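# Understanding the architecture of this molecule
Listed here are the chains, written in short residue letters.
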Amino acid sequence: MRDVLVIGGGIVGTAIAERLARDGLSVVLAERGEIGRESSWAAAGLLTPVHPWNYPESLLALDAESLALWPDLAARVRADVGIDLELRATGLVMPLETDADVAEAERRVTWKRKHGEAAELLDAASAREAEPTLADDVCGALLLPDLAQVRNHRAAPGLAAAAARCGAEILDGTTVLGLIYQGGRVAGARTTAGDLLARQTVLAAGAWSGALLGDGVPPAIRTTPARGQILLLRTRPGELRHMVLGGDGAYLVPRPDGRVLAGSTVEYVGFDRHVTPAGIGKVASAVGRLTPSLATAQVESSWAGLRPDTPDHMPVLGHVEPGLIAATGHFRSGIMLAPVTAEIVRELVRGESSRDLAPFDPQRD
Ligand SMILES: Cc1cc2nc3c(=O)[nH]c(=O)nc-3n(C[C@H](O)[C@H](O)[C@H](O)COP(=O)(O)OP(=O)(O)OC[C@H]3O[C@@H](n4cnc5c(N)ncnc54)[C@H](O)[C@@H]3O)c2cc1C
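Below: a short report on this structure. (Residues numbered from 1 in each chain as written. Predicted model: local features only at pLDDT ≥ 70, side-chain atom pairs only at ≥ 80, totals over all residues. Heavy atoms only, no water.)

### Some details on the overall build of the protein
For the protein, the count of helices and strands is nine helices and 16 strands. For 365 residues, the compact-globule estimate of 2.2 N^0.38 gives 21 Å, and the C-alpha radius of gyration of the protein, at 21 Å, lies within 12% of that figure. With respect to the principal axes defined by its C-alpha atoms, the protein has extents near 70 × 40 × 40 Å. Out of the 365 residues belonging to the protein, those deemed buried represent 55%. Counted over contacts in the protein with a minimum sequence separation of 6, partners at least 24 positions apart contribute 72%. Per element, the accessible surface of the protein, about 14,600 Å² overall, is 50% carbon and sulfur. The distance from the centre of the 36 positive side-chain charges to the centre of the 45 negative ones in the protein is 4 Å. (Helix = DSSP H or I, 4+ residues; strand = E, 2+ residues; numbered from the N terminus. Rg over C-alpha atoms; globule rule 2.2 N^0.38 Å. Buried < 20%, exposed > 50% of the residue type's maximum accessible area, 1.4 Å probe, protein only. Contact = heavy atoms within 4.5 Å. Areas by Shrake-Rupley, 256 points an atom, 1.4 Å probe, with all protein chains shown as cover. Lys, Arg positive; Asp, Glu negative; His and termini not counted. Charge placed at Lys NZ, Arg CZ, Asp CG, Glu CD.)

### Some details on the packing of helix H1 (residues 11-22) against helix H6 (residues 155-165)
The interhelical angle for the contact between H1 and H6, taken along N-to-C directions, is 25 degrees, at an axis separation of 8 Å. Taken together, the axes of H1 and H6 lie roughly parallel to each other. Considering only the axes of H1 and H6, their crossing is left-handed. In this structure, H1 contributes Ile 11, Thr 14, Ala 15, Ala 17, Glu 18, Ala 21 and Arg 22 to the contact, and H6 contributes Ala 155, Ala 156, Leu 159, Ala 160, Ala 162 and Ala 163. Looking at the contact of H1 with H6 residue by residue, the class counts come to ten nonpolar, one polar and two charged. (Axes fitted to C-alpha atoms, helices over the stretch in contact; angles between N-to-C directions. Parallel < 35°, antiparallel > 145°, perpendicular 65-115°, else oblique. Left-handed = near helix turned anticlockwise from the far one by under 90°. Nonpolar A, V, L, I, M, F, W, Y, C, P; charged D, E, K, R; others polar.)

### Some remarks on the site of the ligand
Neighbouring the ligand are 38 residues, the closest being Glu 31, Ser 40, Leu 46, Phe 331 and Arg 332. A distance of 3.1 Å separates a nitrogen atom of the ligand from a polar atom in the backbone of Arg 32. Coverage of the ligand by the protein chains reaches 98% of its 1,000 Å² of free accessible surface. Considered class by class, the residues forming the shell around the ligand number 18 nonpolar, 15 polar and five charged. Both of domain 1 (2-84 + 152-223 + 311-360) and domain 3 (224-309) provide at least three residues apiece to the shell around the ligand. (Near = heavy atom within 4 Å. Polar contact = N/O pair within 3.5 Å; in protein donor to acceptor, adjacent residues only side chain to side chain. Domains from an automatic or database assignment.)

### Here's the deal with unusual backbone geometry
In this structure, the amide linkage connecting Gly 263 to the following residue, Ser 264, adopts the cis form with an omega of -15 degrees. Tracing the sequence through the fold places Ser 264 in the loop between strand E13 (259-263) and helix H8 (277-290). The residue His 313 is not glycine, and still its phi comes out positive at about 60 degrees. Relative to the helices and strands, His 313 is located in the loop between strand E14 (298-309) and strand E15 (316-321). Its identity is not glycine, yet Phe 331 carries a phi of approximately 45 degrees, on the positive side. Locating Phe 331 in the fold gives a position in the loop between strand E16 (324-328) and helix H9 (334-350). Here Phe 331 falls in the buried class, since its relative accessible area comes to 15%.

### Some details on the pattern of salt bridges
If you walk through the whole model with that rule in mind, you get 31 salt bridges. We note a salt bridge from Glu 104 to Arg 107, for which the minimum N-O separation is 2.7 Å. Of this pair, Glu 104 and Arg 107 both sit in helix H4 (residues 99-114), three residues apart, which is roughly one turn of the helix. Residue classification places Glu 104 among the partly exposed positions, given a relative accessible area of 25%. (Salt bridge = Lys/Arg side-chain N within 4 Å of Asp/Glu carboxyl O.)

Okay, here's the thing in structure tokens:
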């Protein structure tokens, strides 16, 4: 019997496997498809909530802790398996179009500084100087210089490889079919590769987590897929200098090789990850509005992924029942929150957690 079975090989499951295996526990991870090919691949890799001012303090505290853990995690993956997750503080600008936007940006500068983060209000000329791709008619911009991003599609494969180097068994192509109960507690799972027994099982199956538990699942874990569509553009490296975020939540994320990710929709259409003309059209029109000069850039590809949403949009972290820990429901922030999630699961497995996890409790209403 292993110490821990992790269900799901997205960024959350692989970060947990890496953290626990590094801690000396025996770990097996079951992933039904390829490692990290679902939401964790499809994401944009921003290490910030899109609108932090709308978040409860409990979640902001997790965000801050996770951001502080990211540099060490990226360094470990690079040192252990030679994969560069391209963790970079490219900063983010929010273009301002109206006097009302400017007034709102002033409030956000105050909010950010109160939370110990750098924030600057730029006038129109400084905004265009900082980010020349912005529209001519912007009346300013909010600059958040410290905000960072990662090349998220490399993260789960990198973490899985690092976990394997620490002794974890990574089973891709292995579907979990149901939980195994022994002595009134969860003792592992039935899978297409046979029974996998473990003292603790961690549910990290993203949008599929709720469905996997079947009937009687606590409301908080009734994960719903929230589709997001992304358009990938090819530009000159450095043409877009910062991440750009519009007031409606549309964003652009520049990679060092000149690729720019533009996203994203939030659609509740079930387990359907097709791209659609309506979705991509909406993203394309945001590109033209936010950064007009990129409206004629080459489109390289497009895709969609399914974010694991929950009824209150908060992650689910904690014991579901004896032997079963939930680590799911990260909605729009799973890339950012993966390191702290792994740390919380480590504490729960070790029985060392003294945190207040009530806001994330699987049993909450
Ligand atoms: C368009 C888009 C943009 C995003 N941008 C950002 C961003 O900028 N920053 C950010 O922090 N977050 C972002 N997110 C959200 C982020 O991608 C998710 O929160 C995160 O990837 C969730 O990770 P996960 O490991 O829980 O889920 P997933 O990556 O979906 O992994 C779950 C895994 O479980 C496996 N699985 C399911 N059922 C079973 C089973 N029965 N047996 C075995 N395996 C199973 C699946 O195959 C899958 O690989 C974005 C998401 C999308 C779609």
